[in-house]
Amino acid sequence: MKTIQVDVAVIGGGTAGMTAHRAARLDGKRVVMIESGPYGTTCARVGCMPSKLLIAAAEAAHAVAAAPAFGVYPGPARIDGKQVMARVRSERDRFVGFVLEGVEAIPDVEKLQGHARFLAPNKLQVDQHTIVEAGSVVIATGSTPIVPPEWQVAGERVINSDAVFDWTDLPASVAVVGSGVIGLELGQALARLGVRVTVFARGSKLAQLTDPLVLQEAATVLAKELDIRFQTSVAKVEKASDGIGVLVTSRDGEGQEKTESFEYLLAAIGRSPNVHNIGLEKAQIELDRHGIPVYDKHTMQCGTSSIFIAGDADNELPLLPEAADEGRIAGDNAARYPQVTPGLRRTPLAIAFSEPQIATVGATYQQLSISHSGHFAMGSVSFSNQGRSRVMLQNQGLLRVYAEFGSKRFLGAEMIGPRAENLGHLLAWACQAELTVPAMLDMPFYHPVIEEGVRTALRTLVVHLDTEPEHVADCADCTPGP
């Protein structure tokens, strides 16, 4: 077994790991990146990109179905599942190829293949071939989809989201367990492509939403085309008697059970950080009750140690932009340790590519209810009568915007509505620039555009800022305007 000495060791070669490696290298340090699996990043292989490819196919199918409402009759649609999945896999492999080109550009001396474990805070063992002695370490080990062991007894027809993108054809039916971003995006896309889909939601949540009015609107809108069972848990999963599928027994909020047959069960109940098999007990750092390292979100440093963490491994926000930002901060500080400084944490922006799209920007309703004790102003707009939305026959959804009394600073927003990905970016830039609501209203708005809905919401927000209520309940029931 050989021993190497480096300034910074990065465990993981995904988005956070590659960014941390690049940041430390730019600081002129000797760096090694250790990866136990295939290169390619979660986003490119099984996340952002292949899911959007499937969603794009679903949008094309939905456009054909929606065309008669405009007086356009293109004829009956035929969905070729094999062709759909062939394009998904082909384009997915192309995106992965771009990532691999970046990995190949890294000198071989700076890459190690194998599973890394801590032997001490500054010493790692990689499989049975290398000891790495490092001045500092970045943990960027990513995460893995959760599939309960009791479901796995039903065999290969119980899958996680990663497996969807290896299908060569579309199945006849899928039970999606979980109504988060992944479950919602994949469930709706498959349903629009002709797959019989049922989404089982243990509670009443949808995607990343926390605002009760936006949640209520989202449930109403999405239930028009998607079979979503709220307050319904999965009580039992069995292999079908013919061996080609699964039997899913669900239990609703009143305790009533129902058994249904599906070709697949897709577990979309979350992801688990890959930190439980890397010898953290030897790292001498504090762990939380879930066994995740305790860290400073501004420096990504674990306590006062020379160990840093980034990306899905820290169990904060499993999003590519967050992983990239955290990787950069962790890599910079690992290279400069012990001179650790806070890095730029950009305004949170999360988007679910459902239809209508869902977006949250800055501070959420739930976060503000805690941080501001419910004492913040709200404005809203319904897209049901918003001009451009009606033109496009996409007039459904709700936007809620939040601001601080006194300063009138814009704090955040939650929404479901047409082109929420664009509205989300616009509002995220305003939030990061710490604009006040009056300053936002001074900005240009064209006509007719979706963004006019933002202006309407901000105008209702100004009214509440000028008439400060005693607590949040006073303006929580605002009637959304057009």
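Before reading on, note that the structure itself is shown above.
Residues numbered from 1 in each chain as written. Predicted model: local features only at pLDDT ≥ 70, side-chain atom pairs only at ≥ 80, totals over all residues. Heavy atoms only, no water.

Taken in spatial order, the five strands make up an open sheet running β18-β19-β22-β21-β20, and their pairing is antiparallel. Either end of the sheet is taken by a strand with one partner, and the two such strands are β18 (349–352) and β20 (377–382). Taken over all neighbouring pairs, the strand axes of this sheet differ in orientation by 10° on average, direction set aside. Alignment of strand β21 (residues 398–403) against strand β22 (residues 410–417), held across six bridges, turns out to be antiparallel. Residue pairing across strands places V401 opposite A413, the latter belonging to β22. Across the sheet, helix α8 (residues 212–222) touches β19 (357–362), β21 and β22, and the angle it forms with β22 is around 15°. (Pairing = 2+ DSSP bridges. Helix = DSSP H or I, 4+ residues; strand = E, 2+ residues; numbered from the N terminus. Axes fitted to C-alpha atoms, helices over the stretch in contact; angles between N-to-C directions. Contact = heavy atoms within 4.5 Å.)

What the second largest pocket holds in volume is close to 470 Å³. In terms of lining, the second largest pocket is formed by 21 residues, of which the most central are H62, R192, E355, L393 and Q394. The element best represented in the lining of the second largest pocket is helix α3 (residues 48–66), accounting for four residues. When the residues that make up the lining of the second largest pocket are grouped by side-chain class, the tally is eight nonpolar, seven polar and six charged. (1 Å grid on protein atoms, 1.4 Å probe; cavity = no way out; pocket = protein on both sides within 12 Å on 5 of 7 lines; lining within 4 Å. Points joined across faces, edges and corners; volume = space filled by probe spheres on them. Nonpolar A, V, L, I, M, F, W, Y, C, P; charged D, E, K, R; others polar.)

Our focus in this paragraph is the packing of helix α1 (residues 15–26) against helix α9 (residues 320–336). Relative to each other, α1 and α9 sit at 35°, their axes nearing to 7 Å. The handedness of the crossing between α1 and α9 is right-handed. Along its contact with α1, which presents T15, A16, T19, A20, A23 and A24, the element α9 presents L320, A323, A324, G327, R328, G331, D332 and A335. (Left-handed = near helix turned anticlockwise from the far one by under 90°.)

Attention shifts here to the pairing of strand β1 (residues 2–11). Pairing of β1 with strand β6 (residues 130–139), which is carried by nine bridges, proceeds in the parallel orientation. Residue pairing across strands places V10 opposite V138, the latter belonging to β6. Bridge count for β1 against strand β2 (residues 31–35) is four bridges, and the pairing is parallel. The residue of β2 that forms the bridge with V10 is M33. After leaving β1, the chain enters α1 and then returns to the sheet as β2, a path that is right-handed. (Right-handed = clockwise from strand over helix to strand, strands pointing away.)

Before going further, it helps to examine helix α12 (residues 420–432). Residues lying three or four places apart along an α-helix face the same way, a consequence of the helix completing one turn every 3.6 residues. Taking 1.5 Å as the rise per residue, α12 with 13 residues should run 18 Å; its terminal C-alpha atoms sit 18 Å apart, in good agreement. If you check which residues of α12 are buried, you get A420, L423, G424, L427, A428, A430 and C431. Down the axis of α12, the smallest arc covering the buried residues is 160°, so these residues share one side. On its buried side, α12 packs onto β18, β19, β21, β22, α13 (437–441) and α14 (451–466). (Expected span 1.5 Å × (residues − 1). Buried < 20%, exposed > 50% of the residue type's maximum accessible area, 1.4 Å probe, protein only. Arc of directions from axis to C-beta.)

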